[in-house]
Amino acid sequence: MKRIIQAGNIRVRLPLVPVSFFSMVLGLAGLGNTWRVAHRVWGLPADIGEAINAVAAFVWAVLLLLYLSKWLFAREHAVKELLDPIDCSFVGLIGVATMLIAGVAAPYWRACALALFAAGAIFSLAYAVWQTGSLWQDDRHHGATTAVMYLPTVAGSFVTGTIAATLGFPEWGQLAFGAGVFSWLAIESVLAHRLYTVDRLPVAQRPSLGIQFAPPVVGGVTYMSITSGPPDIFVAGLVGYGILQGLVILRLMPWIRQQPFGPPYWAFTFGAASLATTLLRMVERGGNGPANLLAPITFIVANIVVGTIFLATVRLLLNRSLFPASQPIQSDNMDSVPRGIETIRGHS
């Protein structure tokens, strides 16, 4: 859906981009960072990684501009996302994506990187606290319990730790890592209960399982960023659990693919890139055996996953079918709609 903005005789048609589109930045920036490490470890061309990072920065800037314009010109849609028990978790990606772009900028413009990191970290922490408190005190339907719940607290904390260490603040990164680990364990228990004991995921929600194997490997990147010396048993354990989760997701792909391709499939990209990055960092720090064997394999897989989803997304954009169609929302009736009821119906 698009919203027409008119100023005098000028009319501009802006797409109402879902906040979940910020997951594209995570996948692209994650792969760009993978290439940076691959350049250090294997001597692969540095320009490829920087080109991917440039695309990530461009996508982030466009999405941020469109998201802010939605608050200005289509506020009812932005409010609906914020109050939606599923989509509200994607709002946390704004801060996560901003911190990843800070990491992209770090080698070139430290002042800009620090400013972006501060803005992203503050937003991520504030939003995680606000959203968690809201979820704890509101009535929730089990259909709203999906892997996107990881995004504000777990992804936000781990990326905060990684970029803090990148910018020279590893002690702050250690605090963020702890917040991410224990949030991950707490949320995973809730998600596992939902997956094991409650009715199966609706077709439209199934691509969200791509996020399920991300926490251990995204945490692995953070752990390698805040520590020094050879890789230890803890990071090996994170990688092992991430691989197990990835294999389970691979086994479920025919079931997941009952949902036609669309932007939700970007859920698979950040985890794929982070697994490759963690293994490359292990090799860089003297790891051998499984790390040396698995790093090239996961690097190739990450490029295939992100590249394929990126090209398929571009195709949707060129075919003018990237942005979802929806009916206008009556903003004056928003207060009369119980929180989350519309979304649970829409996602199920």
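What counts and how
Numbers given for residues are sequential positions, taken from 1 along each chain in its written order. A pLDDT threshold of at least 70 governs which residues receive local features in this predicted model, and a stricter bar of 80 or more applies before side-chain atom pairs are shown or counted, although totals over entire chains, interfaces and linings include all residues. Heavy atoms from the whole structure form the basis of all side-chain values; hydrogens and water molecules are not counted. UniProt positions are given in the numbering used here, feature names are shortened, and annotations may be inferred rather than shown by experiment. Only DSSP runs of H or I covering at least 4 residues are called helices, and only runs of E covering at least 2 are called strands; the numbering of each starts at the N terminus. In this scheme, a residue with accessible area under 20% of its type's maximum is buried, one over 50% is exposed, and one in between is partly exposed, where area comes from a 1.4 Å probe on protein chains only. Throughout, a residue-residue contact means that at least one pair of heavy atoms, one from each residue, lies within 4.5 Å. Residue-level accessible areas treat just the shown protein chains as cover; the underlying method is Shrake-Rupley with a 1.4 Å probe. Aromatic rings from Phe, Tyr and Trp, taking only the six-membered ring of Trp, are treated as a pair when their centres fall within 6.5 Å; an angle between ring planes under 30 degrees marks them as stacked, one over 60 as edge-to-face, and anything in between as tilted. A 3.5 Å cut-off defines polar contacts: any pair of N or O atoms within that distance qualifies, except that in protein one atom must be a possible hydrogen donor and the other a possible acceptor, and neighbouring residues in sequence count only when both atoms are side-chain atoms. Only one rule defines a salt bridge in this text: a Lys or Arg side-chain nitrogen within 4 Å of an Asp or Glu carboxyl oxygen.

Per an unreviewed UniProt entry, the protein goes by Dicarboxylate transporter/tellurite-resistance protein TehA and derives from Bosea spartocytisi. Annotation of the protein in UniProt includes, under Subcellular location (unreviewed entry), the sentence "Membrane".

A. Quick look at the overall build of the protein. Counting its secondary structure elements, the protein contains 14 helices and two strands. A burial count over the protein gives 52% of its 348 residues as buried. Counting only contacts in the protein whose residues sit at least 6 apart along the sequence, the fraction spanning at least 24 positions is 77%. As displayed, the protein offers around 16600 Å² of accessible surface, 66% of which is attributable to carbon and sulfur atoms.

B. Spotlight on the packing of aromatic side chains. Counting across every chain of the model gives 13 aromatic pairs. Both rings, one in Trp42 and one in Phe299, keep their centres 5.5 Å apart while their planes meet at 85 degrees; by these two values the pair is edge-to-face. Placement of the pair is Trp42 in helix H1 (residues 23–42) and Phe299 in helix H13 (residues 290–318), with a sequence separation of 257 residues. Given the relative accessible area of 7%, Phe299 is considered buried. On the basis of an interplanar angle of 55 degrees and a centroid distance of 5.1 Å, the ring pair of Tyr223 and Phe234 is categorised as tilted. Of this pair, Tyr223 sits in helix H9 (residues 214–226) while Phe234 sits in helix H10 (residues 233–251), placing them eleven residues apart in sequence. In this structure Tyr223 comes out as buried when scored by relative accessible area, which is 13%. Looking at Phe234, the relative accessible area reads 38%, which means it is partly exposed. In textbook terms, an aromatic cluster arises when at least three aromatic residues are bridged by ring pairs, as seen for Phe158, Phe177, Tyr223 and Phe234.

C. Structural context of the UniProt feature "transmembrane region" (unreviewed entry) in the protein. Under the UniProt annotation, "transmembrane region" (unreviewed entry) lies at residues 12–31, 51–69, 90–109, 115–136, 148–169, 233–253, 265–283 and 295–318. Secondary structure within residues 115–136 divides into 100% helix and 0% strand; the distance between the first and last C-alpha atoms comes to 32 Å. Across residues 233–253, the secondary structure splits into 95% helix and 0% strand, with the terminal C-alpha atoms separated by 30 Å.

D. Focus on the side chain of Arg281. As for its position among the elements, Arg281 is in helix H12 (residues 269–284). Within polar-contact distance, the side chain of Arg281 engages the backbone oxygen of Met224 at 3.2 Å.

E. Broad picture of the pattern of salt bridges. Per the counting criterion, the structure on display carries four salt bridges. Glu50 is the salt-bridge partner of Arg36, the closest N and O atoms lying 2.9 Å from each other. Of the two residues, Arg36 sits in helix H1 while Glu50 sits in helix H2 (residues 46–73), which places them 14 residues apart along the sequence. Where Glu284 meets Arg40, a salt bridge forms, and the shortest distance between an N and an O atom there is 2.6 Å. Residue Glu284 is found in helix H12, and its partner Arg40 is found in helix H1; the two are separated by 244 residues along the sequence. A network of salt bridges, in which partner residues are shared, links Arg40, Arg281 and Glu284.

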